[in-house]
2 protein chains.
Amino acid sequence: MRFQVKKDVLLDSILNVSRAISTKTPIPALQGILFEVTNDGLYLTGSNTEYSIKTFIPKSEDLQIEKTGSIVIQSRYIVEIVRKTNDEFINFEIVDGFLIKIISSNSEVNLNGINPKEYQKIDFDLKGKPITFTAKEFKTIVEQTTFATSLSENRPLLTGVNFRINGKLLECTATDSYRLSRKRVKLEETIDKSINIVIPSKSLNELAKLFIEDEEKLEMYVFGTKVIFKYGTTLLNSRLLEGTYPDTSKLIPEKFEKVYVVNTQEIFDATDRASLLSSDHVNNIVNLEVKGSKGYLTSNTPEVGRIEEKFSVDNKNNENIKVSFNARYFMDALKALNSLETEISINDEVSPFIIRNVHDDTIVQLILPVRTY
Amino acid sequence: MRFQVKKDVLLDSILNVSRAISTKTPIPALQGILFEVTNDGLYLTGSNTEYSIKTFIPKSEDLQIEKTGSIVIQSRYIVEIVRKTNDEFINFEIVDGFLIKIISSNSEVNLNGINPKEYQKIDFDLKGKPITFTAKEFKTIVEQTTFATSLSENRPLLTGVNFRINGKLLECTATDSYRLSRKRVKLEETIDKSINIVIPSKSLNELAKLFIEDEEKLEMYVFGTKVIFKYGTTLLNSRLLEGTYPDTSKLIPEKFEKVYVVNTQEIFDATDRASLLSSDHVNNIVNLEVKGSKGYLTSNTPEVGRIEEKFSVDNKNNENIKVSFNARYFMDALKALNSLETEISINDEVSPFIIRNVHDDTIVQLILPVRTY
């Protein structure tokens, strides 16, 4: 293996694949980046047990290939070596077994690499017809759902986002069983077979970080136990979570007695302040009360103090309410809606209530109240 | 106690005094900010066992006082409450014992304060004639010395910077016994009594963070066991470290056999890269070799690899050398010198060598080599 590559191009690529690398893995090869030089160009792969990222730098002025070959190079070292090179180009050469020499004008690094045969086989083959999105469209799905997935491994399925496709309708659902986010997207083309998969939240978040151009195309290839995303010359292969995702379709009530429209920034700030004294508590509970056109958010933290915040409410059905909930969940939901005005629809103080963007019916947020009254 | 204060003015002040507050202190009163309202204005104090910061907001359009009084308010809450207020003005009132009410237009916070009698007495009285600096001048002293102090409490004196004044000459010395930084400053006025004190590094770093205007005056009042700095309306009172600071005057050799002048950025980058493979090791050792006009920085990390960096040297006495040292210390010293060209003066591979700014003889850095050859 011997090649010369433009520093900036290589740095972008290794930063992308290193997103998949955990320095904590006990498998030495997985702490490294797999370099594979073919006559077409340089393939780079980073991997963990959940997802893998593979990217490609084609042979060009930026990449001169003298000899093909492959090796695994420790991610933490190679990222810093490339980042801290002042030269425009860097030369790589395997000199002896798995010893790699990295040369720029005033610098020579000899690094012990790892046998590429020790690197796990990852299948990046793309088969069948993909589902296509723009990067921006998919990023919105990720931002509006992943925050609501569970952080606990008690119910592994809830750590992922459920993607369900029927015909042209994609429904993405995330829940940690205390709150739920549901996003609906109309696909450009009808999908023949219906799809019902759960993608790990972490894979989705890392995928979204690869996006640079809003309008660039993202292709999604669904297989039995994995999904592969293709964005430009980069592929992300994620395992799917096994099991049947709970049916959440009946959780969201269709009718509500009480409907309130509020200014999003105003109620967000009020919630933020009302939860100040308890924000370091696990149960960061605030109480919402509506009386006519006046809204109150209060919190009581024994021995510390009490906060009361006022805000104005457009009380659609002229109904009053008292309800308590986790301030963090409420603020997460408001952020995800990304709307100037928010509609809060409630039946009573114990049933799940929903939060919507007045001008966007593709996204709905549901929160389970906490009984305090 | 009852007053109205402009949010921005109060926020700046409580952020300043909260620099002295540790949330880890077991003394509840020290987790708080002492608010003292007199007919002149509002005094705010934050404190830990090493240093205290007191600042003053005078009665003005920004501060309307209705009733004097004092209370201690939990720092972590009051900072966030003030920061997150959207209003221009905030009202404070003690309503009952040590319950404080904080009111802005849509928000009412009731917070349990602490009896101000539980707050330690701190003497901020200024007596005698101060030593004066500009903020910029003092900040340079801090930046060029504190990094070289010891982090270990084994020899507490070395965790501070030694300030020694004789006549018009101030000499500031910091060392962790492996490297040393010495800064000399010519004072504007002669100081009558000679001064030899050790100021905790942490106090100096926090003091420098208070500075806003480069040209504003900083006054330093030295007492038997403490020092008080006055910057604008803010005072910082720091205890002094007890004991006799080691005499370091003979550590810095006066004559050198080998003198090299190098481009600072070039040798800094070379050291940074040469230490890449060992940067997470305690002994981050690099080897410097000069042969004629060529310089080499190398490092060997068993089982990981080897790096060699080249750079050019103006070899004043045409003498060669091989010497090994801690890369971190060398880079810290180069940064502190803040010079385009750096002069490295060495006698042999086991004696301390020094690093200087070619154009600034007020600052000298000394490093003890490590024996590896």
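The rules behind each value
Residues numbered from 1 in each chain as written. Chains lettered and ligands numbered in written order. Predicted model: local features only at pLDDT ≥ 70, side-chain atom pairs only at ≥ 80, totals over all residues. Heavy atoms only, no water. Helix = DSSP H or I, 4+ residues; strand = E, 2+ residues; numbered from the N terminus. Buried < 20%, exposed > 50% of the residue type's maximum accessible area, 1.4 Å probe, protein only. Contact = heavy atoms within 4.5 Å. Areas by Shrake-Rupley, 256 points an atom, 1.4 Å probe, with all protein chains shown as cover. Lys, Arg positive; Asp, Glu negative; His and termini not counted. Charge placed at Lys NZ, Arg CZ, Asp CG, Glu CD. Buried area = accessible area lost by both parts, 1.4 Å probe. Salt bridge = Lys/Arg side-chain N within 4 Å of Asp/Glu carboxyl O. Polar contact = N/O pair within 3.5 Å; in protein donor to acceptor, adjacent residues only side chain to side chain. Pairing = 2+ DSSP bridges. Axes fitted to C-alpha atoms, helices over the stretch in contact; angles between N-to-C directions. Phe/Tyr/Trp six-rings, centres within 6.5 Å; stacked < 30°, edge-to-face > 60°. Lys NZ or Arg CZ within 6 Å of the ring centre and 35° of its normal.

### Description of the overall build of chain A
Alright, step 1. Broken down by element type, chain A carries six helices and 24 strands.
Alright, step 2. Each principal axis of the C-alpha distribution contributes one length, and for chain A these read about 80 × 55 × 35 Å.
Alright, step 3. Split into buried and exposed, the 373 residues of chain A put 55% on the buried side.
Alright, step 4. The long-range fraction of contacts in chain A, counting pairs at least 24 apart against all pairs at least 6 apart in sequence, stands at 65%.
Alright, step 5. Summing over all exposed atoms, chain A offers an accessible surface of approximately 17500 Å²; the carbon and sulfur share of this is 45%.
Alright, step 6. Averaging the locations of the 47 positively and 52 negatively charged side chains of chain A gives two centres separated by 3 Å.

### A short note on the interface of chain A and chain B
Where the parts come together, the accessible area they lose is often given as the size of the interface.
Alright, step 1. In this assembly, 29 residues from chain A lie in contact with 29 residues from chain B.
Alright, step 2. Of the roughly 2600 Å² buried where chain A meets chain B, counting both sides, 45% is carbon and sulfur surface.
Alright, step 3. Between the two partners, chain A and chain B, sit two salt bridges.
Alright, step 4. The salt bridge partner of B:D272 is A:K84, with a shortest N-O separation of 2.9 Å.
Alright, step 5. Summed over the shared surface of chain A and chain B, the number is 18 residue pairs in polar contact (both at pLDDT 80 or more).

### A few points about the sheet that holds strand β6 (residues 69-74) of chain B
All names here are of chain B.
Alright, step 1. Here eight strands make up an open sheet; going across it, the order is β6-β2-β3-β4-β15-β14-β13-β10 and the pairing antiparallel. Only two strands of the sheet have a single partner each, and these edge strands are β6 and β10 (131-134). Ignoring which end each strand starts from, the neighbouring axes of this sheet average 20° apart.
Alright, step 2. In terms of strand pairing, strand β4 (residues 51-58) meets strand β15 (residues 234-239) through five bridges, oriented antiparallel. Following the sheet pairing, K54 is matched in β15 by L235.

### Here we look at the packing of aromatic side chains
Alright, step 1. With the rule as written, the count across this model stands at 20 aromatic pairs over all chains.
Alright, step 2. Look at A:F138 and A:F163: their rings are 6.0 Å apart centre to centre, the planes differ by 20°, and that puts the pair in the stacked class. Placement of A:F138 in helix α3 (residues 135-145) and of A:F163 in strand β11 (residues 160-175) is noted, with a sequence separation of 25 residues between them. Taken individually, A:F138 and A:F163 each receive the classification buried, so the pair is uniform in this respect.
Alright, step 3. Among the aromatic residues, those joined into a ring-pair cluster are A:F133, A:F138, A:F163 and A:F229.
Alright, step 4. The ring of B:F223 carries B:K226 above its face, with NZ or CZ at 4.9 Å from the centroid.

What is shown is where atoms sit, not what they do.
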